[in-house]
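Descriptive structure summary
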Amino acid sequence: MSVQNPVNLRLPDGSVRTFDGPVTGTTLAADIGPGLLKAALAIKVNGEMWDLTREIEEDADVSIVTKRDTEDALDLLRHDCAHVMAEAVQELFPGTQVTIGPNIQDGFFYDFARDKPFTEDDLAVIEKRMHEIVARNEDITREVWDRDDAIAYFKKIGEHYKAEIISDLPEGEPITVYRQGEWLDLCRGPHLPSTGKLGDAFKLMKVAGAYWRGDSKNAMLTRIYGTCWTDKKELKAYLHRLEEAEKRDHRKLGREMDLFHLQEEAQGSVFWHPQGYTIWLQMEKYIRSRLQGAGYQEIKTPQLLDSKFWEQSGHWSKFRENMFVVPDEIPSTEEDAPIVSSDAKLMALKPMNCPAHVQVFKQGIKSYRDLPVRFAEFGCCHRNEAHGALHGLMRVRQMTQDDAHIFCREDQITSESVAFCDLLASVYRDLGFPEFKVLLATRPETRAGEDETWDKAEAALENALKETGLEYDFAPGEGAFYGPKLEFHLSDAIGRTWQCGTLQLDFVLPERLDASFVGEDGNKHRPVMLHRAILGTLERFIGIMIEHYAGRMPLWLAPTQAVVTPITSDADDYAKEVFASLEAAGLRAKLDLRNEKINYKVREHSHAKVPAILVVGGREAEQKTVSVRRLGSNDQTVSPLVDVVAALKAEAEMPSGKA
RNA sequence: GCUGCUGUAGCUCAGGGGUAGAGCACUCCCUUGGUAAGGGAGAGGUCGGAAGUUCAAAUCUUCUCAGCAGCACCA
């Protein structure tokens, strides 16, 4: 044993405590005070989280982590919770192997390998045992093991996944094992000093299958999701947030508001009802007007194209498993005969619009003076998505993209990209999504084109981003095979993010499909192609809007903008007059003359999320006024009819990017 | 596509080996009521589909389809 050197620990307030030799966080906390000792969860040593029981051997800046350090505390608690769950599972279900159990947003999961997957019923049993383990207050201790010993040990006890994880750890990485009562697990740590510190603010949420290492070729494991918070109140608040999010579910609101439906004979394709299609048409109209203002020309291209066409574009080899293939043959009507012959010529429903847009570009000779050419299409595309991927409006098989392709010269890439980013930001602002993030997705491992081209393309996109002043992050290796792209992720009202917009730089397709223009020098040149979308698809974007606004669409988008209803039938004639004024002003109004009490009608139209309910009775009829009740308000204002109509009309104006 | 769960009236849901129930919605009648459900009457389903077990199945078994959650994939 060498002579011990004193250890100086500096606390956040700047004060320094000196110890004779190596000291643990627990000792330090106790030294400061019993209250802190009790509250201590871990210690930060030079900014790194350590176990309280780990000895600090050198001078350091330290701070004791307690539940007041919410972020750090939650990291610890959630990870410990995963361990306590794993201990409970292995106690209750011997023979179950543990694999990995990381923290995720709002909680954690742990993947187990077991012949029989867990069921929802098992969760209650496991949760009960977890509370028992917390009550046992088992000490949690950290041990550093030799790599080979660790592999041998985990193999011996039948934990083959753990053994595999250790084998894959880089050489030199210390192998740490945490012992928790009788149980132990390989883990990087850090952990709480004992299971008792976990408390009781946790809940197991659901079970699901998950592939080992996220690869669908590997074994399916059984995953248990849980959530964990610093106290019961936080847990309750979280569960409440989940309930609120459920209320916004566009599938539920879509039914309640009579916007659309889906049925099994047309999986993944939407039946839009009059109310829902009104939103669609408004969105289309809006985007169309913004595109016109930005120099785009709208086109329309075919749905069904010969397989040869897709072979040429490269989709046949790269994308065919997502395409709907259709035989180009008159189906047989003979009984018992096959409907189509096996050697029928094949066509396919388009999954993307880009190759068709190139065909339009290729008609006639293009001069450099013509560029940039910007072709837009509300392109209806079909993609044969996996059944398990389908989800309401968010993931469909028939989708309509607000697609456009810009054909330009290389020297125009930056200005076109900047213009697009500006347009996109302005559209998102108009639609109520001022917040969005940008990712620059760079070259993937398998890619087409020369590295020089990629250098140029990535630099061009990055320059454009710098010019817009937008903040951005990189998504290394996430680019398309033909070029880098920008991904635009917007944030909705409850903090979720959605990737909608995209801007992709493509040097490959113009080459493959032989698009060219005549340059200043009189020679043929390849145009660069920018694939871009702002909404992504109308289906999904409308789904996002429904959830973002919880069904309470802004007036210009609301399917029904106002309902006129009389107190009693005595006011029917005046109600009709009010209704006529609204219609004359171009507003989408409904007239409700039903023989129901006003309470009933107000309730019903409020549930239907009609933005304005116009109630009229004898008083209003006499004074030519209306009583307006706005959605979300519990009272109403009486104003002259002409004023109300004018105000609603102004508010219902479609945004134009100027706001 | 994979794992698990679910599938009863338009919606939400109860029931459960002997031939199906509630609330809301719907239809009709009464009520003319000042801002989130006035009262009464009535009509509506063979229990996702197929096969099997049984004297008898919506209820049990198997298969299948779809929905939901997660995974994988992805706009």
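These notes cover the structure that comes with them.

1. Overview of the overall build of chain A
When you go through chain A residue by residue, the secondary structure sums to 20 helices and 35 strands. Judged by the C-alpha coordinates and their principal axes, chain A covers about 90 × 75 × 65 Å. Each charge sign in chain A was given a centre, from 80 positive and 106 negative side chains, and these centres are 4 Å apart.

2. Notes on helix H5 (residues 147-156)
Of all the residues in H5, the buried ones are Arg 147, Ala 150, Ile 151 and Phe 154. Each buried residue of H5 sits inside an arc of 100° when the element is viewed along its axis, so together they form one side. For H5, the exposed residues lying more than 90 degrees away from the buried face are Asp 148, Asp 149 and Lys 156. Looking at the packing, one finds that the buried side of H5 touches strand S11 (140-145), helix H6 (160-168), strand S12 (175-180) and strand S13 (183-186). Where H5 starts, the residue carrying a side-chain oxygen 3.1 Å from the main-chain nitrogen of Asp 148 turns out to be Asp 146.

3. Focus: the sheet that holds strand S35 (residues 637-640)
Taking strand neighbours across the sheet as the criterion, the five strands line up as S32-S31-S33-S34-S35 in an open arrangement whose pairing is mixed. In the strand order of this sheet, the two ends are held by strand S32 (589-591) and S35, each with one partner. Within the sheet, the average angular offset between the axes of one strand and its neighbour, ignoring direction, is 30°.

4. Re the packing of aromatic side chains
Here the structure, examined in full by the defined rule, presents 22 aromatic pairs. Arranged with centres 4.4 Å apart and planes meeting at 15°, the rings of Phe 361 and Phe 407 form a pair that is stacked. Of this pair, Phe 361 sits in helix H12 (residues 354-362) while Phe 407 sits in strand S23 (residues 398-408); the two residues are 46 residues apart in sequence, bridging distant segments of the chain. Taken together through their ring pairs, the aromatic side chains of Phe 420, Tyr 428, Phe 433, Phe 436, Phe 488 and Phe 541 make up a single cluster. Sitting over the face of the ring of Phe 109, Arg 223 holds its NZ or CZ atom 3.6 Å from the ring centroid. Here the basic side chain of Lys 366 rests over the ring of Phe 361, its NZ or CZ set 5.3 Å away from the ring centre.

5. Quick notes on the side chain of His 382
Following the sequence through the fold, His 382 ends up in strand S22 (residues 373-382). On the basis of relative accessibility, which here comes to 14%, the residue His 382 falls in the buried class. Within the structure, His 382 has its side chain in polar contact with the side chain of Gln 398 (distance 3.1 Å).

6. Considering the pairing of S12
Buried residues dominate S12, accounting for five of its six residues. Strand direction decides the pairing type here: S11 and S12, joined by six bridges, are antiparallel. Directly across from Thr 141, in S12, lies its bridge partner Arg 179. Bridge count between S12 and S13: four bridges; the pairing is antiparallel. Its bridge partner being in S13, Gln 180 is matched across the sheet by Trp 183. Counting the residues that bridge the hairpin from S12 to S13 gives two residues, and of these Gly 181 lies at a positive phi of roughly 60°.

7. With respect to the environment of Pro 12
Tracing the chain through its elements places Pro 12 in the loop between strand S1 (7-10) and strand S2 (16-19). Judged by relative accessible area, Pro 12 falls into the exposed class, the value being 66%. Taking the C-alpha atoms as reference points, Pro 12 and Ile 64, separated by 52 residues in sequence, lie 9.1 Å from one another. Ignoring sequence-local partners within four residues, the contact set of Pro 12 consists of Val 62 and Ser 63.

8. Notes on the protein's contact with RNA strand B
As a structural note, the neighbourhood of RNA strand B is formed by 49 residues, with Tyr 211, His 387, Asn 595, Ser 627 and Arg 629 the closest of them. Here, RNA strand B places atoms within 4 Å of the protein, and 49% of those atoms are sugar or phosphate. Residue Gln 267 places a side-chain N or O atom 2.6 Å away from a phosphate oxygen belonging to RNA strand B. In this structure, a base nitrogen belonging to RNA strand B sits 2.8 Å away from a side-chain N or O atom of Ser 569. It is helix H18 (residues 598-607) that contributes the most residues to the surface near RNA strand B, seven residues altogether. Tallied by class, residues from the surface near RNA strand B come to 16 nonpolar, 19 polar and 14 charged.

9. Examining the environment of Glu 458
Mapping Glu 458 onto the fold places it in helix H14 (residues 451-468). In sequence terms Glu 458 and Gly 479 are 21 residues apart; their C-alpha atoms lie 9.8 Å from each other. In contact with Glu 458, not counting residues within four places along its chain, are Leu 440, Thr 442, Arg 443 and Pro 484.

10. Some points on the packing of helix H9 (residues 274-292) against helix H13 (residues 413-430)
At a closest axis distance of 12 Å, the pairing of H9 and H13 adopts a crossing angle of 150°. The angle between the axes of H9 and H13 places the two elements in the roughly antiparallel class. Handedness of the crossing formed by H9 with H13: right-handed. Contact residues: Tyr 286, Ile 287, Arg 290 and Leu 291 in H9; Leu 423, Ser 426, Val 427 and Asp 430 in H13.

11. Re the sheet that holds S23
If you trace the eight strands from one edge of the open sheet to the other, you get S18-S22-S23-S30-S27-S26-S24-S25, paired in mixed fashion. Two strands lie at the open edges of the sheet, namely strand S18 (297-298) and strand S25 (472-475), each paired on one side alone. Pairing geometry for S23 and strand S30 (residues 528-537), over seven bridges, is antiparallel. In the strand pairing of S30, Phe 407 is matched with Met 529. Here H12 sits on the sheet in contact with S22, S23 and S30, set at roughly 145° to S22.

12. Some details on the packing of H9 against helix H16 (residues 538-548)
It is at 11 Å that the axes of H9 and H16 come closest, and there the two elements cross at 110°. One element, H9, and the other, H16, form an angle in the roughly perpendicular class. Residues Ile 279, Trp 280, Met 283 and Glu 284 of H9 touch H16, and the partners they reach there are Leu 538, Glu 539, Phe 541, Ile 542 and Met 545. Its residues placed into classes, the contact of H9 with H16 shows seven nonpolar, no polar and two charged.

Calculation notes
- Residues numbered from 1 in each chain as written.
- Chains lettered and ligands numbered in written order.
- Predicted model: local features only at pLDDT ≥ 70, side-chain atom pairs only at ≥ 80, totals over all residues.
- Heavy atoms only, no water.
- Helix = DSSP H or I, 4+ residues; strand = E, 2+ residues; numbered from the N terminus.
- Lys, Arg positive; Asp, Glu negative; His and termini not counted.
- Charge placed at Lys NZ, Arg CZ, Asp CG, Glu CD.
- Buried < 20%, exposed > 50% of the residue type's maximum accessible area, 1.4 Å probe, protein only.
- Arc of directions from axis to C-beta.
- Contact = heavy atoms within 4.5 Å.
- Polar contact = N/O pair within 3.5 Å; in protein donor to acceptor, adjacent residues only side chain to side chain.
- Pairing = 2+ DSSP bridges.
- Axes fitted to C-alpha atoms, helices over the stretch in contact; angles between N-to-C directions.
- Phe/Tyr/Trp six-rings, centres within 6.5 Å; stacked < 30°, edge-to-face > 60°.
- Lys NZ or Arg CZ within 6 Å of the ring centre and 35° of its normal.
- Near = heavy atom within 4 Å.
- Nonpolar A, V, L, I, M, F, W, Y, C, P; charged D, E, K, R; others polar.
- Parallel < 35°, antiparallel > 145°, perpendicular 65-115°, else oblique.
- Left-handed = near helix turned anticlockwise from the far one by under 90°.

Note that every value here comes from positions in space, so none of it alone points to a role or purpose.
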